[in-house]
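Here is what each chain is made of, one letter per residue.
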Amino acid sequence: MQFDPSAMPWQEGYQLMTGAIVPRPIAFVSTMSESGVLNLAAFSFFTAASANPLAVAFTPMRRQDGTRKDTYMNIMATRQFVVNVVTDAIVAPMNETSPEFAPDVDEFAVSGLTPSPSVRVKPPLVKESPISLECELLQSVDIGEGPGSASLVVGKVVYIHVRDDLLDGLRIDTASLRPVARLAGHLYTKVDADTIFELVRKR
Ligand SMILES: Cc1cc2nc3c(=O)[nH]c(=O)nc-3n(C[C@H](O)[C@H](O)[C@H](O)COP(=O)(O)O)c2cc1C
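The structure displayed is predicted, hence computed values, not measured ones.

**Q** Is there a simple way to think about the site of the ligand in this case?
**A** Neighbouring the ligand are 21 residues; Ala-42, Ser-44, Met-61, Thr-71 and Glu-100 lie closest to it. Take Ser-98: an N or O atom from its main chain is 3.1 Å from an oxygen atom of the ligand. Contact distances for the ligand include 3.5 Å between an oxygen atom and a side-chain N or O atom of Glu-107. Those elements that provide at least two residues to the shell around the ligand are strand 3 (38-43) and helix 2 (70-78). Residues belonging to the shell around the ligand are distributed by class as follows: 10 nonpolar, 5 polar and 6 charged.

Below, the structure written as structure tokens:
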């Protein structure tokens, strides 16, 4: 089968793309509104973006009604956010944050996850997440307009938290981290010792 995205409703292109680009790591993003309301939301359109400066990128899309998500609005207002890594221990509370709550709803309270003070930015870390990246907004690039369009949010990583037991020098033990990644629809996958293999890069 072949498909022409320009001849399809955007929702169908989304379905094909999210089935094709798998597994996707999940940025569990904490932000704070200008008035101090905490916000927590998951984003699987997420990647590392640069090593120098150290940077990450994720894309909050517009909702079906064309409005912007709270995460995006908070970052544009405060220029700060934290990316927390999702592990199998916190995937259930992560899912509790996914409904479209009103901007005055604190998803830390909804999910039962614990806000813990950051060092360089105002939004708190998710205490239960073993890795958190404190970020300052570098750039936001609009991709289209209207429902389903997105903004690529690029953040400079200004402080890094890694749980001590995961570290051997600067090497993070992936099997112990047990990260969760998103597949298509409601499906997820886990990384553990059985699914990891080594392939030494040729020079
Ligand atoms: C695992 C997972 C991944 C998600 N990835 C994205 C994404 O990449 N972009 C997006 O706009 N929404 C994504 N969502 C939906 C948002 O998390 C959801 O719209 C959330 O309510 C936005 O919250 P906010 O308005 O507080 O920012 C994802 C949801 C889940 C559960």
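**Q** Would you mind going over the nonpolar core with me for this structure?
**A** The tendency in soluble globular proteins is for nonpolar side chains to be buried as a group. Of all hydrophobic cores here, the largest spans 19 residues; its most connected members are Val-56, Phe-58, Phe-81 and Val-83. Of all hydrophobic cores here, the second largest spans 12 residues; its members include Phe-28, Met-32, Leu-38 and Met-94.

**Q** Could you clarify how one ought to interpret the sheet that holds strand 13 (residues 180-182) in this entry?
**A** Sheet strands associate in pairs through backbone hydrogen bonding, adopting either a parallel or an antiparallel arrangement. What the 3 strands build is an open sheet, ordered 1-13-14; its pairing is antiparallel. Looking at the sheet topology across the chains shown, the edges are occupied by strand 1 (24-25) and strand 14 (188-190). Alignment of strand 13 against strand 14, held across 3 bridges, turns out to be antiparallel. Residue pairing for strand 14: Arg-182 is matched across the bridge by Tyr-188.

**Q** How should helix 2 be read in this particular structure?
**A** All of the buried residues in helix 2 are Asp-70, Thr-71, Tyr-72, Asn-74 and Ile-75. Where the residues of helix 2 are buried, they touch strand 2 (27-32), strand 3, strand 5 (54-58), strand 6 (80-85), strand 9 (131-143) and strand 10 (150-162).

**Q** What is the right way to read the pattern of salt bridges from this model?
**A** Between side chains of opposite charge, a pair can form when the charged atoms approach closely. Across all of its chains, the model carries 5 salt bridges by this definition. Here Arg-178 ties to Asp-88 by a salt bridge, and the two come within 2.9 Å at their closest N and O atoms. One end of the pair, Arg-178, is in the loop between helix 5 (174-177) and strand 13; the other, Asp-88, is in the loop between strand 6 and helix 3 (91-96), with 90 residues separating them in the sequence. Between Asp-165 and Arg-163 there is a salt bridge whose closest N-O contact spans 2.7 Å.

**Q** Please clarify how the side chain of Ser-111 should be interpreted in this entry.
**A** Mapped onto the fold, Ser-111 is located in helix 4 (residues 107-111). Only 2.8 Å separates the side chain of Ser-111 from the backbone oxygen of Glu-107, close enough to count as a polar contact.

**Q** Explanation requested: a nonpolar patch on the surface in the structure shown.
**A** Residues Met-1, Phe-3 and Leu-16 make up a contiguous nonpolar surface patch of about 390 Å² in total accessible area. With respect to the helices and strands, Phe-3 occurs in the segment before helix 1 (10-20).

Calculation notes
Each chain carries its own residue numbering, running from 1 in the direction its sequence is written. The predicted nature of this model means local features are confined to residues of pLDDT at least 70 and side-chain atom pairs, given and counted, to a pLDDT of 80 or more, with totals for whole chains, interfaces and linings taken over all residues. With hydrogens and water excluded, all non-hydrogen atoms of the structure serve as input to the side-chain values. Residues are labelled near a given molecule or strand when at least one of their non-hydrogen atoms is within 4 Å of it. Here a polar contact is taken to be a pair of N or O atoms separated by no more than 3.5 Å, where protein atoms must pair a possible hydrogen donor with a possible acceptor and residues adjacent in sequence count only if both atoms sit in side chains. Numbering goes from the N terminus for both helices and strands, where a helix is a DSSP run of H or I of at least four residues and a strand is a run of E of at least two. Gly counts as polar in this scheme, as do all residues outside two lists: the nonpolar Ala, Val, Leu, Ile, Met, Phe, Trp, Tyr, Cys and Pro, and the charged Asp, Glu, Lys and Arg. Remark: nonpolar core denotes a set of buried residues (Ala, Val, Leu, Ile, Met, Phe, Trp, Tyr, Cys) joined through side-chain atoms within 4.5 Å. Burial classification: accessible surface area is computed with a 1.4 Å probe over protein chains only, and a residue below 20% of its type maximum counts as buried, one above 50% as exposed, and the rest as partly exposed. Pairing between strands is defined by DSSP: at least two bridges between the two strands are required. By the convention used here, residues are in contact when the closest approach between their heavy atoms is within 4.5 Å. Take a side-chain nitrogen of Lys or Arg and a carboxyl oxygen of Asp or Glu: if they are within 4 Å of each other, that pair is a salt bridge. The patch calculation keeps residues exceeding 30% relative accessible area without a salt bridge and links them within 9 Å when they carry like charges or within 5 Å when they are nonpolar (Val, Leu, Ile, Met, Phe, Trp, Tyr). Surface accessibility in these figures is a Shrake-Rupley result with a 1.4 Å probe; residues are shielded only by whichever protein chains are displayed.

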